Amino acid sequence: MKDGGKRSTVPDQNDDSIKNSRSNTQADPGSIAIKSFHTSFTSIVGEKPTFSLLISADSSRNPFFYKGCAYIPETDELYATSDLLQSSSSSRLPVILISKLAFRRASDTDSLSPVTGIEWMKLRPPPNMPMPSGAIPYKKGVLYCSQGTLEPNSGGLFYMPLGKRPVPVVTNYFGKAFNSVQSVVEDRDGALWFTDSCAGLEQDIRPGPQLPNHVYWFQPATGQLRVVADGLKRPGGVALSPNQETLYVTDTEAAKLGSTAASTSSATIYAYDIIRRFGAAPMLMNQRVFAFAFSGVPAAVTCDPAGNIYAACADGVEVWNPEGMALGLIQLLGGCSSLSFGLDGELFVCGGQTLWRVQLNETAFRDS
């Protein structure tokens, strides 16, 4: 999905949260559709995939569901971060809000039971974790990518235990502030792979960079931090293959604000081999083009248990197999900016002002 754009206004609120109860509605047939490019796509989406529009913020025009889509199975909750929202007070800086969505289902025992209601809370990020972007489930809470503010030494990775204040995990590269941390993924060893770009500078929320745009590896257990990839113009999404042998990183240069060459700029998913040697930090080798987005840029990426890659793009969710063959498209009016798997083939899709639930073929996910 194309990054950036007009800033919306933060809804007036006297507290740090707004709580609403919502029920999902059936999808408008014209809003979402399946396009198959290969016969194997049917085994992923199923013969009759179902869609439901969980929440729409069209009336307020606020993009509450923009990035940081993270599902917590233990509590059946979803977290998402908004795009930049302009404060209703002209003297205040723009903010990003966190949405917390607690689901109610028709059955407490059936994981395929549809969502029948939602308790939606809008939360202001704590001051030490400004402008959150990407997020993943982590330990007993959520790990956020904080882009930071105009304060040079702000931003980084923060762990926010459920119901508690965030704790900094890594906030600088040997004394130099990160530019604007975008996305993160955790590997089986507990190490964190994350991307850092100048997206915050483009939106006037970060000062000039102290570092190039990089992909980093960080091991919280030892404090070891290293740059594992450079040369990307605007690194965005990041994902690991199920066997943890391949890292996927997106370059979203085509979404750079003010770009006059978007049609010829990067909207690419790159693949890297992860090389692990005993006693040493992993390295990335053999960078190669894995795929180029059909429309817009691959703002976020994730993998299913079979290794298929799903990308959030301007036309919806684009899907490739592990060899880079385009399998199909979950076409969404307005595009997709972030996504996260739920339970047994359940896919949550952020569309800026909308949040969707797509039920894919549960058998394929259970058998993988």
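Right above here is the structure, for reference.
Draft legend 1. Structural view of the overall build of the protein. The secondary structure content of the protein amounts to three helices and 31 strands. Considering only contacts within the protein whose residues lie at least 6 apart along the sequence, 55% involve residues at least 24 apart. For the protein, the accessible area works out to roughly 15600 Å², and carbon and sulfur atoms hold 50% of it.

Draft legend 2. Region of the structure containing the nonpolar core. If you look at the biggest cluster of nonpolar residues, it comprises 23 residues, and the most contacted ones within it are Tyr310, Val317, Leu339, Leu347, Val349 and Leu360. Within the residue set of this core, elements represented by two or more residues are helix 1 (41-45), strand 5 (50-56), strand 26 (309-313), strand 27 (316-320), strand 28 (326-332), strand 29 (338-341), strand 30 (346-350) and strand 31 (354-359). Residue contacts for Leu347: discarding those within four places in its chain leaves Ile330, Leu339, Ser340, Phe341, Trp356, Arg357, Val358 and Leu360. Ranked by size, the runner-up nonpolar core spans 20 residues in total, among them Cys69, Val95, Ile118 and Leu355.

Draft legend 3. Highlighting the sheet that holds strand 12 (residues 141-146). One open sheet holds the four strands; their spatial order is 11-12-13-14, and the pairing between them is antiparallel. Because the sheet does not close on itself, it has two edges, and the strands there are strand 11 (132-138) and strand 14 (167-170). Across the sheet, the axes of successive neighbouring strands diverge by a mean angle of 30°, strand direction being ignored. Pairing geometry for strand 12 and strand 13 (residues 156-161), over six bridges, is antiparallel. Counted as the bridge partner of Tyr144 is Phe158 from strand 13.

Draft legend 4. View of the packing of aromatic side chains. Tallied over the entire structure, the rule returns 16 aromatic pairs. Summarising the aromatic geometry, the rings of Phe65 and Trp120 are spaced 5.3 Å apart at their centres and angled 35° between planes, so their arrangement reads as tilted. Highlighted residues: Phe65 in the loop between strand 5 and strand 6 (67-72) and Trp120 in strand 10 (residues 115-123), separated in sequence by 55 residues. For the pair formed by Phe65 and Trp120, the shared burial category is buried. Aromatic side chains Tyr173 and Phe174 sit 4.9 Å apart centroid to centroid with 90° between the ring planes, which places their arrangement in the edge-to-face category. A residue is classified by how much of its surface remains accessible, and Tyr173, at 23% relative accessible area, is partly exposed. Phe174 sits in the exposed class, given a relative accessible area of 65%. Aromatic ring contacts, followed pair by pair, group Phe37, Tyr248, Phe290, Phe294 and Trp320 into a single cluster. A cation over an aromatic ring shows up here: Lys122 above the ring of Phe64, its NZ or CZ 5.3 Å from the ring centre. Over the ring of Tyr159 we find Lys139; its NZ or CZ atom is 5.6 Å from the centre of that ring.

Here is what the cut-offs are and how they apply
- Residues numbered from 1 in each chain as written.
- Predicted model: local features only at pLDDT ≥ 70, side-chain atom pairs only at ≥ 80, totals over all residues.
- Heavy atoms only, no water.
- Helix = DSSP H or I, 4+ residues; strand = E, 2+ residues; numbered from the N terminus.
- Contact = heavy atoms within 4.5 Å.
- Areas by Shrake-Rupley, 256 points an atom, 1.4 Å probe, with all protein chains shown as cover.
- Core = buried A, V, L, I, M, F, W, Y, C linked by side-chain atoms within 4.5 Å.
- Buried < 20%, exposed > 50% of the residue type's maximum accessible area, 1.4 Å probe, protein only.
- Pairing = 2+ DSSP bridges.
- Axes fitted to C-alpha atoms, helices over the stretch in contact; angles between N-to-C directions.
- Phe/Tyr/Trp six-rings, centres within 6.5 Å; stacked < 30°, edge-to-face > 60°.
- Lys NZ or Arg CZ within 6 Å of the ring centre and 35° of its normal.

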